[in-house]
Amino acid sequence: MLSGHHLIAGDWVGSAQTFASSPAHGPSHEFAVGTPAHVDAACRAAEAAFPAYSATTRAARAAFLTRIADEIDARGAEITEIGTQETGLPVARLEGERGRTTGQLRLFAAHILQDGWLDRRHDAALPDRQPAPRPDLKLIQRPIGPVAVFGASNFPLAFSVAGGDTASALAAGCPVVVKGHSAHPGTGEVVAQAIDAAIKACGMPAGTFSLVQGGKRDVGEALVLHPLIKAVGFTGSLAGGRALYNLCAARPEPIPFFGELGSVNPMFLLPAAVAARGEAIAKGWAGSLTMGAGQFCTNPGIAVVIDGGDADAFVEAAKAALAPIGPQTMLTDGMAEAYRAGRDRIAAGSGVRAVLTTTCDARNATPYLFEVSGTDWLANHALAEEVFGPLGLVIRVRHAAEMQEIAHSLQGQLTCTLHLDEADTDLGRALLPILERKAGRVLANGFPTGVEVVDAQVHGGPYPASTNFGATSVGTLSIRRWLRPVAYQNLPAALLPQDWNA
């Protein structure tokens, strides 16, 4: 049952004002509107919980993360029902995303039982060294304090209340305060109920986790500006993320802002690969481009191909693959409006030609396909901006040198993809040093939608793909965002953190 309340340090707290959810189908529900006062209570509770929670053993935190996953699975049917209503996503997608969410929690539970993430280093004392003795130095990674997490609109589970940011922060030993996304507040509450149940079952401090729902800009600002918050995790728009990033930097005590903000995820189609299997690449691109109505941050919105007959065949195959795809429900009315605005921006670009046009209205999205020359694309920065939805843009370049020029011109990306065959190796070798400076993940002969949650994953990249190119929001390396190195000089063994000898 939904309470419509915030969860603050184990208590379900209401508000004087409420807001109504806007489901794609099914009943609407009323939810409490968050205020800066709720944020303050949650942050103070998180700070109060930090000494005890950060001192828990890795085994205890691993059991806690596993229990959260179990509690989410126990509510699986309820999550799927309200999640599909609020977002319009199909049942299979919600169930798959729930599996990814619980998988992340269990992955971090296993990860923290290992030693590598602690990065323990020891330089033993050299008391007889001349001309001066060397002290004993021990280094270990330590949790930073309470962490703020903003739920994502496009992933109601895997990047929201108990998503990767929350899982990795809890694994590191940091309490979490989540600002829930108003697009799926019911889903968020049910997941918060699971976390609350796990806190009580495992005897964790009540302030280890809080969820504040709804609220206007002042709520988000209050969260990132709160002096007890030591880092922020965010997945969302470039404009919103940059505004919060600036607030974090302007605080009396600046804190890190780990924002994943957007990407067009360009694909570079090399000549031999296009000649040999251009139709197959086009069909695969159409499937990736329209997956989930194109509402993935790794959606491959741009394909770069050398002009000519093979490019003609590729474009026609992409058009044929996209044409039968009907309307898909977008996550919110606002996203649907933004998609149509992005479509109009691309269509109005100088030299842009429409290959496939469709009709979409209300909360629906249908695919669009455009093409433009490399020269016109380079002259118009607006064509390089993300369109969040199933829209593809083919850039026809004159030759390999112009393809490299396109690569050089890119802003930071989450992914870049090379489609190549053996005969394309030299061009691939020329492009790779450029692309690895532009993206956090470089693919060969695949499509970037579908982000594996594993040790070696990087989901981030140079700005504006993310605000910290040295971090990732997916994979076990993401735990490093919530840790900082501390060196202990000549400290008695009895005072060292328990993880030093654990």
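See the structure above.
This structure is a prediction, so every number in the text was calculated from the model and none was measured.

K.L.:
What's the story with the overall build of the protein in this structure? I'm lost.
P.N.:
Each helix and strand in the protein was counted, giving 15 helices and 21 strands. Against the globule reference of 23 Å for 502 residues, the protein gives a C-alpha radius of gyration of 24 Å, in line with a compact fold. Dimensions along the principal axes, computed over C-alpha positions, put the protein at roughly 75 × 70 × 40 Å. Buried residues in the protein amount to 55% of all 502 residues. Sequence-distant contacts in the protein: of pairs separated by 6 or more residues, those separated by 24 or more amount to 77%. For the protein, the accessible area works out to roughly 19200 Å², and carbon and sulfur atoms hold 55% of it. Counting 39 positive and 47 negative side-chain charges, the protein places the centres of these two groups 6 Å from one another.

K.L.:
For this particular structure, what's the right way to read helix α11 (residues 333-347)?
P.N.:
Owing to its 3.6 residues per turn, the α-helix brings residues three or four apart onto one side. The end-to-end C-alpha distance of α11 is 21 Å, a good match for the 21 Å that 15 residues give at a rise of 1.5 Å each. Those residues of α11 hidden inside the fold are in contact with β16 (364-365), β17 (368-373) and β18 (391-397).

K.L.:
How should I be thinking about the sheet that holds strand β11 (residues 257-260) in this particular structure?
P.N.:
Sheet strands pair via backbone hydrogen bonds, and the direction of the pair is either parallel or antiparallel. Here seven strands make up an open sheet; going across it, the order is β2-β1-β9-β8-β7-β10-β11 and the pairing mixed. Both edges of this open sheet fall to β2 (11-13) and β11, since each of them pairs with a single strand only. Taken pair by pair, the neighbouring strands of this sheet meet at an average axis angle of 20 degrees, ignoring direction. Against the sheet, helix α5 (residues 164-172) contacts β7 (147-150), β8 (176-179), β9 (209-212) and β10 (231-235), and its axis sits at roughly 170 degrees relative to β8.

K.L.:
Got a minute to help me understand the nonpolar core in this structure?
P.N.:
Counting 88 residues, the largest nonpolar core has Phe 209, Phe 268, Trp 377, Leu 431 and Trp 482 as the members making the most contacts within it. Looking at this core, the element that brings in the most residues is helix α6 (residues 185-202), giving seven residues. Counting 21 residues, the second largest nonpolar core, distinct from the first, contains Ala 273, Val 274, Ala 318 and Val 394.

K.L.:
Whenever I open this one, the pairing of strand β20 (residues 439-444) confuses me. Can you help?
P.N.:
Both faces of the sheet carry side chains from a regular strand, because those side chains alternate between them. The pairing of strand β19 (residues 413-419) with β20 spans five bridges and is classified as parallel. Bridge pairing links Gln 413 to Ala 439 in β20. Between the parallel elements β19 and β20, the chain passes through helix α14 (residues 425-435) in a crossover that is right-handed.

Parameters at a glance
- What you see as residue numbers is a count from 1 along each chain, following the sequence as written.
- Under the rules for a predicted model, residues below a pLDDT of 70 receive no local features and side-chain atom pairs below 80 are neither given nor counted, while totals for whole chains, interfaces and linings still include all residues.
- Side-chain numbers here rest on the full set of heavy atoms in the structure, without hydrogens or water.
- Each helix is a run of DSSP H or I of at least 4 residues and each strand a run of E of at least 2, with the numbering of both proceeding from the N terminus.
- Each radius of gyration reported is based on C-alpha atoms, and the globular scaling rule is 2.2 Å times the count of residues to the power 0.38.
- Summary of the burial criterion: residues with accessible area below 20% of their type's maximum are buried, those above 50% are exposed, and those between are partly exposed, where the area comes from a 1.4 Å probe applied to protein chains only.
- By the convention used here, residues are in contact when the closest approach between their heavy atoms is within 4.5 Å.
- Values of accessible area rely on a 1.4 Å probe in the Shrake-Rupley scheme; residue burial ignores everything except the protein chains shown.
- None of His or the chain ends enter the tally, which takes Lys and Arg as positive and Asp and Glu as negative.
- In plain terms, the charge of a residue is placed at NZ if it is Lys, CZ if Arg, CG if Asp and CD if Glu.
- Helix span, expected: 1.5 Å multiplied by one less than the number of residues in the helix.
- At least two bridges found by DSSP between two strands are what make those strands a pair.
- Axes, fitted as lines to C-alpha atoms, cover a helix only where it is in contact. Angles between the N-to-C directions of the axes lie from 0 to 180 degrees.
- Here, nonpolar core refers to any group of buried Ala, Val, Leu, Ile, Met, Phe, Trp, Tyr and Cys residues whose side-chain atoms link them within 4.5 Å.
- A clockwise course of the path from the first strand over the helix to the second, judged with the strands pointing away from the viewer, identifies a crossover as right-handed.

Don't take any of this as a statement about function, it's just geometry.
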